[in-house]
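# Close look at the chain arrangement
The lines below spell out each chain.
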There are 2 protein chains.
Amino acid sequence: MLAAAKVRPETSKLVAETLVCAELWGHQSHGLLRLPWYLERIATGATDRTAEKEIVIDGGAIAVLDGHNGIGQDIAHTAMSEAIRRSKAHGVGVVSVRRSGHFGTAMYFTRMAAEAGCIGIITTNASPAMAPWGGREKKIGNNPWSIGAPTRKGPMVMDIANTVVARGKIFNAIKKGENIPDDWAIDSSGAPTVNPEEALKGLIQPLAAHKGYVISVMMDVLSGVLSGSAFMANVVGPYMPKGQSGVGHLVIALNVNAFRPYEDFLDDMDVMVDQIKSTPLAVGFDEIFYPGELETRNAERHQIDGVSLPTETVEQLNKYADGLGARRLT
Amino acid sequence: MLAAAKVRPETSKLVAETLVCAELWGHQSHGLLRLPWYLERIATGATDRTAEKEIVIDGGAIAVLDGHNGIGQDIAHTAMSEAIRRSKAHGVGVVSVRRSGHFGTAMYFTRMAAEAGCIGIITTNASPAMAPWGGREKKIGNNPWSIGAPTRKGPMVMDIANTVVARGKIFNAIKKGENIPDDWAIDSSGAPTVNPEEALKGLIQPLAAHKGYVISVMMDVLSGVLSGSAFMANVVGPYMPKGQSGVGHLVIALNVNAFRPYEDFLDDMDVMVDQIKSTPLAVGFDEIFYPGELETRNAERHQIDGVSLPTETVEQLNKYADGLGARRLT
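Residues numbered from 1 in each chain as written. Chains lettered and ligands numbered in written order. Predicted model: local features only at pLDDT ≥ 70, side-chain atom pairs only at ≥ 80, totals over all residues. Heavy atoms only, no water.

## Quick word on unusual backbone geometry
- Residues other than glycine seldom take positive phi values, yet H68 of chain A does so here, at roughly 45°.
- Residue position: H68 of chain A is located in the loop between strand 2 (62-66) and helix 3 (72-90). (Helix = DSSP H or I, 4+ residues; strand = E, 2+ residues; numbered from the N terminus.)

Structure below.
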């Protein structure tokens, strides 16, 4: 479908891979569900499929990358590749990204870093989803951030948004016709709601109250303000078919081997994983997972058993496939 | 008292300043209350007041600093100074710190960066305070982290620990005979509890459930594992009079002017602050604060009105002053 929408072949392949990875990891809210939104923005030109990424500052350990409103996955992939490359020369590589777009799942890029022997950090801003603490108007995105590190068992990786839940899970609840827990959001009148449609019209709460608020503001400073991109209420989200996104990112790669011998680091990561896994279980738990372990295990299972897509997602994708003259899913 | 305990004059002055700053900012839990703990560890030699910090890797944009079990504030101050200095040459400066000690309030060091025109990031690990998600044994510290950025109105700064609540709030609930929310703590079997007495026998939960768990683990990877310091259950806290701390930190400074013109950045930070402050208020709020604003305002007020110390803290400090032959507070 992306190729049929005249997205460059290598970018089509990358976007497809990131969406399928999200499905494999069990993050369906960041999976194929999102493709129609991307296609809409490409169709209107809000996302420019012909954009040429440009390194506007090339400062050795650091760089500033202007995405020129292109496809977020492509821009973030270039940014992380550049950060890794620079970290191999300087110990650290930092790429500040302006005028990018929604890049999908942050974990895809920090896993890249981990696989290259680096600790990877990525932050992004996002369209307004929350109020500043004490306010009642959307001003701040959920501004996801991810940190990934290598272990001998695969990447250890966290990937969180600063809302109490990711926005995609509310879309998923709508798709599945389910209610949401009453502490996820307030409606436009300020009352707690279990209705996901009302939640989308209202406000999602920050995680851990004021703590999620201050984290999200600082992630916007790192992502939007440092890069000279849009920030706060001026970021346009992937759900809007029109309007340049203005999303910014910060990408950091730390080359582990520049700080200490890589095998020593991996030995200690083994010890850390063992300490986590061997902790006595709390009531109601069968196993303790290190960050990212569940995703790795889901991917192993899904690669054998396949991934189940909700009927609505399949129907929606086929509608777009028909419109573009691309192959249907079923 | 620090000078009487034979701590070097410049280090005594720095530790005193960080403790008084915490009082001025309204963070009394990180203020003078902590001095007796530091003095105990210095007296036993667990904290080595004669330690010579050593840059063991000097890699241009990055460095590894070995604190040789010295005084945490002194080591973190050197690390942030080095990170800032390196960022002025390379755009970014990263200092990984091993064998440090409790450094007090993280915000002190990120404010240093902001005042030098940098975005500062500091992470630390800490003695075990939480179980991995799904476990019931202390394995992970609350691992505080802070990000600070310059604005024309003073630093914008966040500084949080990854537990949902401070232990003192559970003591307060016992005093008042109140239940606690069910996401604050687990009892000794690992089941969530609303009974504060049971909570004290059990464990404090991470903030935002599994999210705080994964954040805290990754902060330990950055702080303890990358630096080759202690990590997880092997970190010794400041409340223990004996045992080398083994605390590690990661310190990052991003020189704003290397990414975009500094005045443009400050212009955008003004816009960000205005967007936050002008948000319509939610019921029950009088004002919205940007991250760090409350501390700046508290400090302005306290510098005029003075700081009130609890009687218990004064008595405790005077006991140590007498023991060291130092001047009493009152």
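That covers the picture; the talk isn't over yet.
## What to know about the pattern of salt bridges
Residue and element names in this part refer to chain A.
- Inspection of every chain in the model, using the stated rule, returns 34 salt bridges over all chains.
- Across the pair D270 and K153 runs a salt bridge whose closest N-O atoms are separated by 3.5 Å. Here D270, found in helix 9 (residues 262-277), pairs with K153, found in the loop between strand 5 (145-149) and strand 6 (156-160); they are 117 residues apart in sequence, far enough to count as distant.
- The exposure class of D270 is buried, given its relative accessible area of 17%.
- According to the relative accessible area criterion, K153 is partly exposed, its value standing at 43%. (Salt bridge = Lys/Arg side-chain N within 4 Å of Asp/Glu carboxyl O. Buried < 20%, exposed > 50% of the residue type's maximum accessible area, 1.4 Å probe, protein only.)

## A word on the sheet that holds strand 1 (residues 54-59) of chain A
Residues and elements named next belong to chain A.
- Strand order in the open sheet formed by seven strands is 1-2-3-9-4-5-6, and the pairing between neighbours is mixed. The open sheet terminates on both sides in strands that have one partner only, identified here as strand 1 and strand 6. The mean inter-strand angle of the sheet, taken between neighbouring strand axes irrespective of direction, is 10°.
- Bridge count between strand 3 (residues 92-100) and strand 9 (residues 247-255): seven bridges; the pairing is antiparallel. If you follow G93 over to strand 9, its bridge partner there is A253.
- Where helix 9 meets the sheet, its contacts fall on strand 4 (118-124), strand 5 and strand 6, and the angle it forms with strand 6 comes to roughly 65°. (Pairing = 2+ DSSP bridges. Axes fitted to C-alpha atoms, helices over the stretch in contact; angles between N-to-C directions. Contact = heavy atoms within 4.5 Å.)

## Quick look at the interface of chain B and chain A
- At the interface, 77 residues of chain B touch 77 residues of chain A.
- Of the roughly 6,200 Å² buried where chain B meets chain A, counting both sides, 75% is carbon and sulfur surface.
- Taken as a group, M218, L226 and F259 of chain B account for 12% of the area that chain B buries against chain A, more than any other trio of residues on that side.
- The tally of links between chain B and chain A comes to zero salt bridges.
- Put simply, chain B and chain A have 21 residue pairs in polar contact (both at pLDDT 80 or more) between them.
- In terms of residue count, the dominant contributor to the side of chain B that touches chain A is helix 7 (residues 210-225) of chain B (11 residues). (Buried area = accessible area lost by both parts, 1.4 Å probe. Polar contact = N/O pair within 3.5 Å; in protein donor to acceptor, adjacent residues only side chain to side chain.)

## Some thoughts on the layout of surface pockets
Residues and elements named next belong to chain A.
- In this structure, the second largest pocket occupies an estimated 440 Å³ of space.
- What lines the second largest pocket is a set of 18 residues, among which M1, A16, L32, L35 and L329 lie closest to the centre.
- Considering each element in turn, the lining of the second largest pocket owes the most residues, seven residues, to helix 1 (residues 9-25).
- Grouping the amino acids of the lining of the second largest pocket by side-chain chemistry returns 13 nonpolar, one polar and four charged. (1 Å grid on protein atoms, 1.4 Å probe; cavity = no way out; pocket = protein on both sides within 12 Å on 5 of 7 lines; lining within 4 Å. Points joined across faces, edges and corners; volume = space filled by probe spheres on them. Nonpolar A, V, L, I, M, F, W, Y, C, P; charged D, E, K, R; others polar.)

## A word on a nonpolar patch on the surface
- Residues W133 of chain A together with L281 and F285 of chain B make up a contiguous nonpolar surface patch of roughly 240 Å² in combined accessible area.
- The residue F285 of chain B is located in the loop between helix 9 (262-277) and helix 10 (293-305) in this model. (Patch = residues over 30% accessible without salt bridge, like charges linked within 9 Å, V, L, I, M, F, W, Y side chains within 5 Å. Areas by Shrake-Rupley, 256 points an atom, 1.4 Å probe, with all protein chains shown as cover.)

## Quick look at the environment of G243 of chain A
Residue and element names in this part refer to chain A.
- Its location among the elements puts G243 in the loop between helix 7 (210-225) and strand 9.
- When the C-alpha positions of G243 and T44 are compared, they lie 9.0 Å apart, and in sequence the two are 199 residues distant.
- Setting aside residues up to four positions removed in sequence, G243 forms contacts with R41, A46 and V236.

## Re the pairing of strand 2 (residues 62-66) of chain B
All names here are of chain B.
- Burial within strand 2 is extensive, with five of its five residues counted as buried.
- Of the two faces of strand 2, the one carrying I62, V64 and D66 and the one carrying A63 and L65 are both buried.
- Pairing of strand 1 (residues 54-59) with strand 2 involves five bridges; the strand directions are antiparallel. Residue pairing across strands places G59 opposite I62, the latter belonging to strand 2.

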